[in-house]
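In case you want the letters, here they are:
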Amino acid sequence: MTTAEQVALARRRLTLALSKPEGAYEHIGNAIQLLLSVEQAFDHLGLMDNADGDVAAVREGIRAAEARCFRALFELGAEPGRTK
């Protein structure tokens with residue numbers, strides 16, 4: 001790793017360390033983004049429409065996790081005193 005790459009890595013880590021900590025609402029939002037990106041990657045690879053049992057189970061697991069995250073996000077947003 002070059003010196004410039006090490007400096008860039010250190011700056012990214014420092015930025016993460018100094019950034020405001022995320023709450024549950026932000027964590028769930030980030031989880032949804034990750035699940036959507038995984039689903040998109042599967043689609044890009046041509047695996048989402050594959051009828052194979054294992055791939056179908058993974059697809060359904062991803063979609064179930066997305067649904068649960070959206071539900072949790074909705075419920076967190078509905079809490080009294082919650083500011084977004």
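Reading guide: rules and limits
Residues numbered from 1 in each chain as written. Predicted model: local features only at pLDDT ≥ 70, side-chain atom pairs only at ≥ 80, totals over all residues. Heavy atoms only, no water. Helix = DSSP H or I, 4+ residues; strand = E, 2+ residues; numbered from the N terminus. Buried < 20%, exposed > 50% of the residue type's maximum accessible area, 1.4 Å probe, protein only. Areas by Shrake-Rupley, 256 points an atom, 1.4 Å probe, with all protein chains shown as cover. pLDDT = per-residue confidence, 0-100. Salt bridge = Lys/Arg side-chain N within 4 Å of Asp/Glu carboxyl O. Polar contact = N/O pair within 3.5 Å; in protein donor to acceptor, adjacent residues only side chain to side chain.

A word on the overall build of the chain. When its secondary structure is counted, the chain shows three helices and zero strands. For the chain, with 84 residues in total, the buried portion stands at 15%. About 6,700 Å² of surface is accessible on the chain, with carbon and sulfur atoms providing 60% of the total.

Moving on, we come to the confidence of the model for the chain. Summarising the model, the chain shows a mean pLDDT of 78, and 79% of its residues fall at 70 or more. When pLDDT is averaged over each element of the chain, helix H3 (residues 53-77) comes out on top at 86 and helix H1 (residues 3-18) at the bottom at 72.

With that settled, consider the pattern of salt bridges. The final tally for this structure, using the stated rule, is three salt bridges. Close ionic contact of Arg63 with Glu39 constitutes a salt bridge, the shortest N to O distance being 2.8 Å. Separated by 24 residues along the polypeptide, Arg63 in helix H3 and Glu39 in helix H2 (residues 24-44) bring together distant segments of the chain. Using a relative accessible area of 14% as the deciding quantity, one classes Glu39 as buried. A salt bridge links Glu75 to Arg71; its shortest N-O distance comes to 2.6 Å. With Glu75 and Arg71 both in helix H3, this residue pair falls four residues apart, about one helical turn. Residue class for Glu75 comes out partly exposed when judged on its relative accessible area of 41%.

Residue placement: Arg59 occurs in helix H3. Exposure remark for Arg59: the relative accessible area of 16% places this residue in the buried category. Here Glu60 takes part through its side chain, which lies 3.4 Å from a polar atom of the side chain of Arg59.

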